[in-house]
Amino acid sequence: KNIRFQVTGLDPSPTSLKIAKARCKMHKFRYDPQFYQGTIDKVEDLFGEKPDNSRISFSYIDVSGVLHHLEDPSSALCKLRSVLHQEGGMGVMLYGKYGRTGVYEVQRMLRRIGTPTGTGGREGGTSALGEKI
């Protein structure tokens, strides 16, 4: 409770941002988290060098389950690095080739029977399936 930090989130999905905001509220973050709808390719525009030569830098960046979906993961990492503090750190998680095979098969099956798969987050897929049953 005495740790001072600011949370900033970036995601292209409005549903994912809504979930993240709710989780921050549930965990009673002391400082208001800032959320932005957008993609990694816009990170320098959002947080990079400003006209007054100031810039935002992050002490930690978490990129979980994102990079392997991008056309140019190396470029995305470079863009994230450009807003990382000199002594900051980055956590990166990538799915293995077969790690989500079952998930993709279920999503494909749900699309075939006309059930939305909840592209905006896990909760979306679950509730869509629950409504169908």
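Residues numbered from 1 in each chain as written. Predicted model: local features only at pLDDT ≥ 70, side-chain atom pairs only at ≥ 80, totals over all residues. Heavy atoms only, no water.

### Comments concerning the overall build of the protein
Working step 1: Counting its regular elements, the protein contains five helices and four strands.
Working step 2: For the protein, the N- to C-terminal ordering of α and β elements is β-α-β-α-β-α-β-α-α.
Working step 3: When each of the 133 residues of the protein is scored for burial, the buried share is 20%.
Working step 4: Intrachain contacts of the protein at a sequence separation of at least 6 include 66% that bridge at least 24 residues.
Working step 5: For the protein, the exposed area adds up to about 10,100 Å²; of that, 53% sits on carbon and sulfur atoms. (Helix = DSSP H or I, 4+ residues; strand = E, 2+ residues; numbered from the N terminus. Buried < 20%, exposed > 50% of the residue type's maximum accessible area, 1.4 Å probe, protein only. Contact = heavy atoms within 4.5 Å. Areas by Shrake-Rupley, 256 points an atom, 1.4 Å probe, with all protein chains shown as cover.)

### Description of the packing of aromatic side chains
Working step 1: The tally for this structure, following the rule as stated, stands at two aromatic pairs.
Working step 2: Measuring from centroid to centroid gives 5.2 Å for Tyr 36 and Phe 47, while their planes differ by 85°, and the two rings are edge-to-face. Of this pair, Tyr 36 sits in strand 2 (residues 34-37) while Phe 47 sits in helix 2 (residues 43-47), and the two are eleven residues apart along the sequence.
Working step 3: Exposure remark for Tyr 36: the relative accessible area of 30% places this residue in the partly exposed category.
Working step 4: One aromatic cluster is present, built from ring pairs that chain together Tyr 36, Phe 47 and Phe 58. (Phe/Tyr/Trp six-rings, centres within 6.5 Å; stacked < 30°, edge-to-face > 60°.)

### Observations regarding the nonpolar core
Working step 1: With eleven residues, the main nonpolar core is built from Ile 40, Val 43, Phe 47, Phe 58, Ile 61, Val 63, Leu 67, Ala 76, Leu 80, Val 83 and Leu 84.
Working step 2: Sort the elements by how many residues they give to this core and strand 3 (residues 58-64) lands first, with three residues.
Working step 3: Contact partners of Leu 67, with chain neighbours within four places excluded, come to Ile 40, Pro 73, Ala 76, Leu 77, Val 92 and Leu 94. (Core = buried A, V, L, I, M, F, W, Y, C linked by side-chain atoms within 4.5 Å.)

### Here's the deal with the confidence of the model for the protein
Working step 1: On average, the protein scores 80 in pLDDT, and the residues at 70 or more come to 84%.
Working step 2: This model gives residues 120-133 a pLDDT under 50, and the stretch forms 16 contacts once residues within four places in sequence are excluded. (pLDDT = per-residue confidence, 0-100.)

### Considerations on unusual backbone geometry
Working step 1: Backbone geometry places Lys 28, a non-glycine residue, at a positive phi of 55°.
Working step 2: Relative to the assigned elements, Lys 28 resides in the loop between helix 1 (14-26) and strand 2.

### Concerning a nonpolar patch on the surface
Working step 1: A cluster of nonpolar side chains, contributed by Met 93, Tyr 95, Val 103 and Tyr 104, occupies part of the molecular surface with about 300 Å² of accessible area.
Working step 2: With relative accessibility at 36%, the residue Val 103 sits in the partly exposed group. (Patch = residues over 30% accessible without salt bridge, like charges linked within 9 Å, V, L, I, M, F, W, Y side chains within 5 Å. Salt bridge = Lys/Arg side-chain N within 4 Å of Asp/Glu carboxyl O.)

### Some words on the environment of Phe 47
Working step 1: A residue is classified by how much of its surface remains accessible, and Phe 47, at 3% relative accessible area, is buried.
Working step 2: Each C-alpha atom, one on Phe 47 and one on Val 83, is 6.6 Å from the other, the two residues being 36 residues apart in sequence.
Working step 3: Sequence-distant contacts of Phe 47, defined by excluding residues within four places in its chain, comprise Thr 8, Tyr 36, Arg 55, Ile 56, Phe 58 and Val 83.

### Some words on the pairing of strand 2
Working step 1: Sheet analysis places strand 1 (residues 8-11) next to strand 2, joined by four bridges and oriented parallel. Bridge pairing in strand 2 links Leu 10 to Tyr 36.
Working step 2: In the classification by handedness, the crossover that spans strand 1, the intervening helix 1 and the parallel strand 2 is right-handed. (Pairing = 2+ DSSP bridges. Right-handed = clockwise from strand over helix to strand, strands pointing away.)

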